[in-house]
Amino acid sequence: MSRAILVLYAHPDPPASRVNQAMAEAAGDVAGVTVRDLYARYPDFFIDVPAEQELLTAADIIVFHHPLQWYGSPPLLKEWIDRVLTRGWAYGRGATVLRGKSVLSAVSTGGEREAYQRDGFHGYTVAEFLRPFERTATLCGMRYLDPFVFYGAYQTNAAQVRDHADAYRRHLTQLRDDAPPEVA
Ligand SMILES: Cc1cc2nc3c(=O)[nH]c(=O)nc-3n(C[C@H](O)[C@H](O)[C@H](O)COP(=O)(O)O)c2cc1C
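I will try to describe carefully the structure that is included in this document.

## As for the overall build of the chain
The helix and strand inventory of the chain stands at seven helices and six strands. Its helices and strands in sequence order give the chain the pattern β-α-β-α-α-β-α-β-α-α-β-β-α, from N to C terminus. Based on the C-alpha atoms only, the size of the chain along its principal axes is roughly 45 × 40 × 35 Å. When burial is assessed residue by residue, the chain has 47% of its 184 residues classed as buried. Sequence separation of 24 or more characterises 76% of the internal contacts of the chain that already satisfy a separation of 6 or more. Between the centroid of the 19 positive side chains of the chain and the centroid of its 22 negative side chains there is a distance of 5 Å.

Okay, here's the thing in structure tokens:
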């Protein structure tokens, strides 16, 4: 059975991107994956909430895809979450539409892998910095998957970026084709 994947791609400056733009293009190659470029669609930050909720309803897996910026997401993704995940629709009494879906964070960091450890420069893992996304997914009844992280974007080379984009394509393909999780 195949699952529909919605990639919410949030990069404030795609022409300057090395990692995330290559990943977004790779994701677009996968059948069943819809890549939604939020900054291209909403340059004025005015989000079409009904349209976004309709896309979410149709998706089985939602991907928050962005570079890590100040230990979180670029501001448009936060705005998207604030506007789209409304009370009574996404969470709270009577809200059931998102239950049983899965959420994946696909992020890149400027910092190296060693820096994202308890005894490293940043003091916490990337998964720890992504807790607000994990809790958001959980609050809405969704399963939060292990983040898919590219470390060390400042030091990377073209071959590593290509390998990571290929790995992202394979990861999305596998998620698409995996059996859906048991809903508790
Ligand atoms: C405003 C801003 C804030 C950033 N904050 C972080 C950060 O908190 N941690 C980190 O590791 N890298 C940080 N970076 C580096 C980006 O994560 C890095 O440039 C990005 O992952 C590279 O991906 P790209 O090639 O797709 O642009 C920041 C970059 C910018 C522009």
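Let us keep going from here.
## Quick look at the site of the ligand
Every one of the 17 residues lining the ligand counts as a neighbour, but Ser17, Asn20, Leu68, Ser108 and Tyr116 are closest to it. In this structure, Ser17 approaches the ligand through a side-chain N or O atom, which is 2.6 Å from an oxygen atom. In isolation the ligand has 640 Å² of accessible area, and contact with the protein removes 75% of it. Mapping the ligand onto the cavity grids shows that it belongs to the largest pocket. Of the residues that constitute the shell around the ligand, the class distribution is eight nonpolar, eight polar and one charged.

## Remarks on the layout of surface pockets
Of the voids in this model, the largest pocket is the one considered here, and its volume is about 480 Å³. Around the largest pocket, the lining is made up of 19 residues, and of these Pro67, Leu68, Thr109, Gly110 and Tyr154 lie nearest the centre. A per-class count over the lining of the largest pocket returns nine nonpolar, nine polar and one charged.

What counts and what doesn't
Residues numbered from 1 in each chain as written. Predicted model: local features only at pLDDT ≥ 70, side-chain atom pairs only at ≥ 80, totals over all residues. Heavy atoms only, no water. Helix = DSSP H or I, 4+ residues; strand = E, 2+ residues; numbered from the N terminus. Buried < 20%, exposed > 50% of the residue type's maximum accessible area, 1.4 Å probe, protein only. Contact = heavy atoms within 4.5 Å. Lys, Arg positive; Asp, Glu negative; His and termini not counted. Charge placed at Lys NZ, Arg CZ, Asp CG, Glu CD. Near = heavy atom within 4 Å. Polar contact = N/O pair within 3.5 Å; in protein donor to acceptor, adjacent residues only side chain to side chain. Areas by Shrake-Rupley, 256 points an atom, 1.4 Å probe, with all protein chains shown as cover. 1 Å grid on protein atoms, 1.4 Å probe; cavity = no way out; pocket = protein on both sides within 12 Å on 5 of 7 lines; lining within 4 Å. Sits in = over half its atoms within 2 Å of the grid points. Nonpolar A, V, L, I, M, F, W, Y, C, P; charged D, E, K, R; others polar. Points joined across faces, edges and corners; volume = space filled by probe spheres on them.

Note that all results are geometric; they support no functional claim without further evidence.
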